[in-house]
Amino acid sequence: MKAAIDWLTRRRADTYLPFAILVVVWQWPRQDKWAIVMYGGGAALLFAGGFLRFWASRYCGKRIGHGAEPRLATTGPYAMCRNPLYLANLTIATGFLLLAHLWWAVVPFWLWGLWCHSRTIRREETSLKKRFGQTYLEYKAQTTRWFPRIIKALRGRKEPLYSWGDVLRREAGAMVACLAGAALIVFKNLYIAPKLGF
C-alpha cells in the first residue's frame, strides 16, 4: 500500500487527473446569475495562479551561464513560502474547477492536492537539507511550507535568475494550454451543453 501511495504522489501531474476528468465530463445544468460568479472567480484564479507561476519561475533553476551551479531560491516569492510553484498550480487548477462550475469540488481538491504535494515536498526537503545544510535549515525556519507571507516577499531582496522574457518563452506552452483549456470549458458550458439538453 505504501509503495502504491509513493508511486502516485511521485507522479505529480496525476494529482490533478481525477479532477481534470471531472472538468471535462461535468455538465452544468443552467446558466444563471451564479454562472457569472463562477466565470469571474475562475478567470481571476487562473490569472493569479499564472502570475505566481511566472514570478516563481524567475527565481528557480540554475544561474545564468554555462556550467553554473544551482542555488537555493530564498528571495522573491520564495521569501513568501517555500513552494510557490505548487501553490500556483493548485490555484490554476481551482480556477478551472470554477470555470466548470465545480465549486463543490474545490475543498476536496485542495485536501487531496495538499496531501499529495506534501508527501513530495517532504522528500524534497530531505534532499535540500542534505545539499544545502544549515543554509536550508535557516531558510526553512523563516518561511512556511504553504501559507504565503506576502509582505515579506515584497519587502525582501529580489535576485531573479531569469528575465520575464526568458520565463515567457519557457512557460509559453503551458500558458497556451491553459488559455485553450479555459476557452474550451466556457465554450462547452455555453454552447455544447445546452444543445445536448443539459
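None of the values given here were measured: they were computed from a predicted structure.

### Side note on the overall build of the protein chain
The number of helices and strands found in the protein chain is eight helices and zero strands. Element order for the protein chain, N to C, with α for helix and β for strand: α-α-α-α-α-α-α-α. Considering the protein chain as a whole, with its 198 residues, one finds that 39% of them fall into the buried category. The long-range fraction of contacts in the protein chain, counting pairs at least 24 apart against all pairs at least 6 apart in sequence, stands at 80%. Just so you have it, the protein chain exposes about 11,600 Å², and 69% of that area is on carbon and sulfur atoms.

### Brief notes about the environment of Arg145
Examined against the element boundaries, Arg145 turns out to sit in the loop between helix H6 (134-142) and helix H7 (150-155). Using a relative accessible area of 23% as the deciding quantity, one classes Arg145 as partly exposed. Sequence spacing of Arg145 and Ile121 is 24 residues, and the spatial spacing of their C-alpha atoms is 8.7 Å. At 2.9 Å, the side chain of Arg145 and the side chain of Glu125 are in polar contact.

### A short note on the packing of aromatic side chains
Overall, the coordinates contain four aromatic pairs when judged by the stated rule. Ring geometry for Tyr136 and Tyr139: centres 6.3 Å apart, planes at 55°, overall tilted. Separated by three residues within a single helix, Tyr136 and Tyr139 lie in helix H6, roughly one turn from each other. You'll find Tyr136 and Tyr139 in the same group, each marked buried. Chaining the aromatic ring pairs together yields one cluster made of Phe51, Trp55 and Trp164.

### Some remarks on the side chain of Ser57
Counting through the fold element by element, Ser57 comes out in helix H3 (residues 33-57). Among the residues examined, Ser57 registers a relative accessible area of 2% and is labelled buried. Reaching out from Ser57, the side chain makes a polar contact with the side chain of Glu171 at a distance of 3.5 Å. Each residue touching Ser57, except ones within four places of it in the same chain, is listed here: Leu85, Tyr162, Val167, Arg170 and Glu171.

### As for a nonpolar patch on the surface
A cluster of nonpolar side chains, namely Leu17, Ile21, Val24 and Val25, defines an oily patch on the protein surface of about 370 Å² accessible area. On the secondary structure map, Ile21 appears in helix H2 (residues 17-25).

### So, the confidence of the model for the protein chain
Mean pLDDT over the protein chain: 81, with 79% of residues reaching 70 or higher. Taken as a whole, residues 62-67 scores under 50 in pLDDT and shows 10 contacts with residues more than four places along the chain or in a different chain.

### Let's talk about the pattern of salt bridges
Evaluated as defined, the whole model comprises five salt bridges. Taking the shortest distance from any N to any O, the salt bridge between Arg145 and Glu125 comes out at 2.9 Å. Of this pair, Arg145 sits in the loop between H6 and H7 while Glu125 sits in helix H5 (residues 106-132), and the two are 20 residues apart along the sequence. Residues Asp166 and Arg169 are paired through a salt bridge, measuring 2.6 Å at the closest nitrogen-oxygen approach. Of this pair, Asp166 and Arg169 both sit in helix H8 (residues 164-195), three residues apart, which is roughly one turn of that helix. Accessibility expressed as a relative area gives 28% for Asp166, which makes it partly exposed. Taken together, the shared-partner salt bridges in this structure form one network comprising Arg82, Glu125, Lys140 and Arg145.

### Some remarks on the nonpolar core
Formed by 37 residues in total, the largest nonpolar core has its most connected members in Leu97 and Phe109. Taken together, the elements giving at least two residues each to this core come down to H2, H3, helix H4 (84-99), H5, H6 and H8. Every residue in contact with Leu97, bar those within four places of it in the chain, is listed here: Phe19, Val23, Leu102, Trp103, Ala105, Val106 and Phe109.

Parameters at a glance
Each chain carries its own residue numbering, running from 1 in the direction its sequence is written. Per-residue local features are limited, in this predicted model, to residues with pLDDT of at least 70; the limit for side-chain atom pairs, both in listing and counting, is 80 or more; totals at the level of whole chains, interfaces and linings are taken over all residues. Side-chain numbers here rest on the full set of heavy atoms in the structure, without hydrogens or water. For the purposes of this entry, the term helix denotes a DSSP run of H or I that reaches at least four residues, the term strand denotes a run of E that reaches at least two, and both are numbered from the N terminus. Note on exposure labels: buried denotes an accessible area under 20% of the residue type's maximum, exposed denotes more than 50%, and partly exposed covers the range between, all computed with a 1.4 Å probe on protein chains only. Here a residue-residue contact requires only that any non-hydrogen atoms of the pair lie within 4.5 Å. Here the Shrake-Rupley method, with its probe set to 1.4 Å, supplies the accessible areas, and only the displayed protein chains count as covering residues. The definition of a polar contact used here is a pair of N or O atoms within 3.5 Å, where within protein one atom must be able to donate a hydrogen and the other to accept one, and adjacent residues in sequence count solely through side-chain atom pairs. Only the six-membered ring of Trp is used, alongside the rings of Phe and Tyr, when aromatic pairs are assigned; centres must lie within 6.5 Å, and planes under 30 degrees apart are stacked while those over 60 apart are edge-to-face, with the rest tilted. Residues qualify for a patch when their relative accessible area is over 30% and they have no salt bridge, like charges being joined within 9 Å and the nonpolar side chains of Val, Leu, Ile, Met, Phe, Trp and Tyr within 5 Å. Whenever a carboxyl oxygen of Asp or Glu lies within 4 Å of a side-chain nitrogen of Lys or Arg, that contact is scored as a salt bridge. You can read pLDDT as the predictor saying how much it trusts each residue, on a scale of 0 to 100. For the purposes of this section, nonpolar cores are sets of buried Ala, Val, Leu, Ile, Met, Phe, Trp, Tyr and Cys residues that join through side-chain atoms within 4.5 Å.

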